[in-house]
Amino acid sequence: MKIGIIGSGNMGRSLGILWAEQGHNVFFGARDLEKGKAVAELAGHGTNGGTNDEAAIFGDVLLYSVRGVNPVEVFSSTEVLSGKILIDCNNFDIPEGFAFQPIVQSLAEKLAAEVPNALVVKAFNTMAQEVFELAPTPLKDYEVSVFVAGDDAQARQVVMSLAEDIGFAPVDCGALRNARMIEGAGDFIRFLLISQLQNPYATISVKILPQAQQQRLGGRQTSNLH
Ligand SMILES: NC(=O)c1ccc[n+]([C@@H]2O[C@H](COP(=O)([O-])OP(=O)(O)OC[C@H]3O[C@@H](n4cnc5c(N)ncnc54)[C@H](OP(=O)(O)O)[C@@H]3O)[C@@H](O)[C@H]2O)c1
């Protein structure tokens, strides 16, 4: 798959390298062409680097790692995003004391409203960069969830498969509006790993447990809350 990285910071560099290792064709974009080229040189695996415009033109799938910045400011024309799968891995800035505001419009929905010509998919925002350093092995053994939301089912499938390629366990979260909850989960895990646990390897995942053999507690009964 041809993947364009928009913004070659921690997330762009890490995911780009992981996908390149799995045989995907990756182009690292940055505001400064020389930075894009330098990251590609570090990445190896036949990757290339240059501007964000070049990365967007190159990729069928794009990783948008430029938190909250309107694409109008990032590309010479947002036409370069037409028909592309645009993965939004962003989280809100952490406010003082982790006093996050309720999310009424997710960053992913804001991005989709700014570039309705692209297929925006939320993913990869609920784990720290350090976790990517473990990918694809031994990460695979731990079944770390990547929550994936987007209005185009096929685009979601593509992103889920890219998550699986690098050792994650993708979870289909349906429509893009569900990114509000996924971004909330991103806020929660950052609160835990930064403030409470002080451990960037803490993760948040869905675990499906085996069914109880017997319901000795009476099982789930009809609620009588009216
Ligand atoms: N780091 C993590 O552990 C982590 C985990 C999950 C999600 N996230 C989220 O992912 C996003 C990126 O995080 P990061 O750690 O990769 O950040 P980062 O290392 O600071 O990189 C930020 C990127 O944004 C680009 N950028 C910043 N301002 C820009 C502007 N005005 N116009 C165009 N490009 C601009 C930079 O571009 P250049 O390459 O051109 O310098 C850089 O590549 C954030 O929203 C973050 O919350 C981060």
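The structure this text deals with has already been given above.
What you are looking at is a predicted structure, and each value in this text was computed from that prediction instead of being measured.

Quick look at the pairing of strand 6 (residues 119-122) now. Along any regular strand, the residues point their side chains to alternate faces of the sheet. The sheet contact formed by strand 5 (residues 85-88) and strand 6 spans 4 bridges and is parallel. Paired with I87 across the strands is V121, a residue of strand 6. The β-α-β motif built from strand 5, the intervening helix 5 (residues 107-114) and the parallel element strand 6 has right-handed crossover chirality. Note: strand 6 against strand 7 (residues 145-150), 2 bridges, orientation antiparallel. Looking across to strand 7, one finds that V121 is bridged to G150.

This brings us to unusual backbone geometry. Of all residues except glycine, most have a negative phi; of all peptide bonds, most are trans. Omega for the peptide link from A135 to P136 comes to -5°, which places this bond in the cis form. Note on placement: P136 falls in the loop between helix 6 (129-132) and strand 7. Here T137 and P138 are connected by a cis peptide whose omega angle stands at 10°. Positive phi outside glycine occurs at F124, with the angle close to 65°. In this fold, F124 is placed in the loop between strand 6 and helix 6. Taking relative accessible area as the criterion, F124 reaches 1% and is therefore assigned buried.

Further remarks concern the site of the ligand. Surveying the vicinity of the ligand reveals 20 residues, the closest of which are N10, M11, R31, N90 and Q129. With respect to the ligand, the backbone of G9 contributes an N or O atom lying 2.9 Å from an oxygen atom. In this structure, an oxygen atom belonging to the ligand sits 2.9 Å away from a main-chain N or O atom of N10. When grouped by side-chain class, the residues that make up the shell around the ligand number 8 nonpolar, 9 polar and 3 charged.

Here strand 4 (residues 61-64) shows two buried faces, one formed by V61 and L63 and the other by L62 and Y64. Here 4 bridges tie strand 1 (residues 2-6) to strand 4, and the two strands are oriented parallel to one another. Bridge pairing in strand 4 links I6 to Y64. Pairing geometry for strand 4 and strand 5, over 4 bridges, is parallel. Residue pairing in the sheet places V61 in a bridge with I85 of strand 5.

The rules behind each value
- Residues numbered from 1 in each chain as written.
- Predicted model: local features only at pLDDT ≥ 70, side-chain atom pairs only at ≥ 80, totals over all residues.
- Heavy atoms only, no water.
- Pairing = 2+ DSSP bridges.
- Helix = DSSP H or I, 4+ residues; strand = E, 2+ residues; numbered from the N terminus.
- Right-handed = clockwise from strand over helix to strand, strands pointing away.
- Buried < 20%, exposed > 50% of the residue type's maximum accessible area, 1.4 Å probe, protein only.
- Near = heavy atom within 4 Å.
- Polar contact = N/O pair within 3.5 Å; in protein donor to acceptor, adjacent residues only side chain to side chain.
- Nonpolar A, V, L, I, M, F, W, Y, C, P; charged D, E, K, R; others polar.

These figures come from the coordinates and say nothing about function on their own.
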